[in-house]
Amino acid sequence: MGIDILSMLPEEIEKDFVEMGEAKYRAGQVFNWLTKGVRDFDEMTNLSKSLREKLKERYTLYKPKVLSKQVSEYDGTIKYLWELKDGNAVETVVMSYEYGNTICVSCQVGCRQGCAFCASTIGGLVRSLEPSEILDEVLYSELDSGKHISNIVLMGIGEPLDNFDNVMRFLHLVNHPKGMNIGMRHITLSTCGITEMFDKLADENLQITLTVSLHAPDDETRSKIMPANRSRGVDELMRCCKRYYDRTGRRISFEYAMIDGVNDSEYHAKLLAKRANMVGAHVNLIPLNHVEERQFKPTTPGHMRAFIKILEEAGVNVTVRRKLGSDVDASCGQLRRKIQKIQG
Ligand code: SAH
């Protein structure tokens, strides 16, 4: 196996070329081809035949294959299932909003966090994605759909803070001015609350938005539905959120999937308001997506309204996430799961 050139930054490719005795500008030419989606050195027609042969020996290239592509009839949301080089598959969703197109990318094949309502974690973690594999979700979704991607959310399959180094490298790749050039301010990283990584993330000094999948403001409820809470606890999570905010000046968002009879009571709303105000967090409510092998049901609209009212009265900045792509299994892990089941 050669070197994964697709995970290298332009500067690193340049350095490698100089070490190989090649001209620096050649590296730029190669990077341009890669950014255009070309994945065969023989198609890089401005390089000499001998250089192409040399590159083929040194580096490996791969082009993800579309295993399935579904387009929502309601809202145009596109859901891709990509085949990776080792036969594993991950999902990517492209959503269109008034302000541009947002892509939701996966960072792992499966997930080890075990959240009780989530389809991605059924079957556990298979492996983490390479930086290039996450980047290619963005690049090939844009090339295939013809939709210019302006925003990225790391809210697909996997826990970004369990794949820290590769996710950081992906951010630098996708942000690179010579590459896709997507601004850090247009990127959101979502975590189930791996608190011991928050300081490390703050150290990176990125302008990204950090979102915490809270889903319950108290330990009893949260530990029941999110095993990651059992060793950490909500108090510790809040301390780490506050510290992150203080250190970066970047406001955190709480994701809160409303689950009927589990986390949607008045008690939960009041405690959530208190927590959000303490941390200066914005709250994003999500109507739970039904997952076939999970028993949870979404909160009723009436309950949701009452919940929102309590938050608003407490002065919390709250939004409800629009539900997109419900006809294309567009929530985490659902499509990969379906294919796994079909394949037995
Ligand atoms: N592991 C990270 C990234 C995944 S993001 C995290 O936990 O944040 C996916 C988001 O969708 C998370 O907020 C997750 O809790 C939420 N989610 C998972 N299953 C869901 C479901 N069935 N309905 C609504 N939201 C769900």
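Quick note: structure is the one above.
Rules used throughout
- Residues numbered from 1 in each chain as written.
- Predicted model: local features only at pLDDT ≥ 70, side-chain atom pairs only at ≥ 80, totals over all residues.
- Heavy atoms only, no water.
- Helix = DSSP H or I, 4+ residues; strand = E, 2+ residues; numbered from the N terminus.
- Polar contact = N/O pair within 3.5 Å; in protein donor to acceptor, adjacent residues only side chain to side chain.
- Contact = heavy atoms within 4.5 Å.
- Buried < 20%, exposed > 50% of the residue type's maximum accessible area, 1.4 Å probe, protein only.
- Right-handed = clockwise from strand over helix to strand, strands pointing away.
- Pairing = 2+ DSSP bridges.
- Near = heavy atom within 4 Å.
- Areas by Shrake-Rupley, 256 points an atom, 1.4 Å probe, with all protein chains shown as cover.
- Nonpolar A, V, L, I, M, F, W, Y, C, P; charged D, E, K, R; others polar.

Draft legend 1. Broad picture of the side chain of threonine 299. Checked against the element boundaries, threonine 299 lands in the loop between β13 (282-287) and α10 (301-313). Within the structure, the side chain of threonine 299 is placed 3.4 Å from the backbone nitrogen of isoleucine 259, a separation counted as a polar contact. Discounting residues that sit within four places of it in the chain, threonine 299 has contacts with Met258, Ile259, Asp260, Asp264 and Met304.

Draft legend 2. Region of interest: the pairing of β13. Here β13 lies mainly inside the structure; five of its six residues are buried. Handedness of the crossover joining strand β12 (residues 253-258) and β13 through helix α9 (residues 266-279): right-handed. Relative to strand β14 (residues 318-320), β13 runs parallel, the two sharing three bridges. Directly across from leucine 285, in β14, lies its bridge partner valine 320. Of the crossover connections in this fold, the one passing from β13 over α10 to the parallel β14 is right-handed.

Draft legend 3. Examining the site of the ligand more closely. Near the ligand lie 19 residues; those nearest to it are Glu159, Ser190, Ser213, His215 and Asn289. Contact distances for the ligand include 2.9 Å between a nitrogen atom and a backbone N or O atom of asparagine 289. For the ligand, whose unbound accessible area comes to 530 Å², protein coverage reaches 94%. Elements with a minimum of two residues in the shell around the ligand: β10 (187-191) and β12. Here the residues of the shell around the ligand sort into 10 nonpolar, seven polar and two charged.

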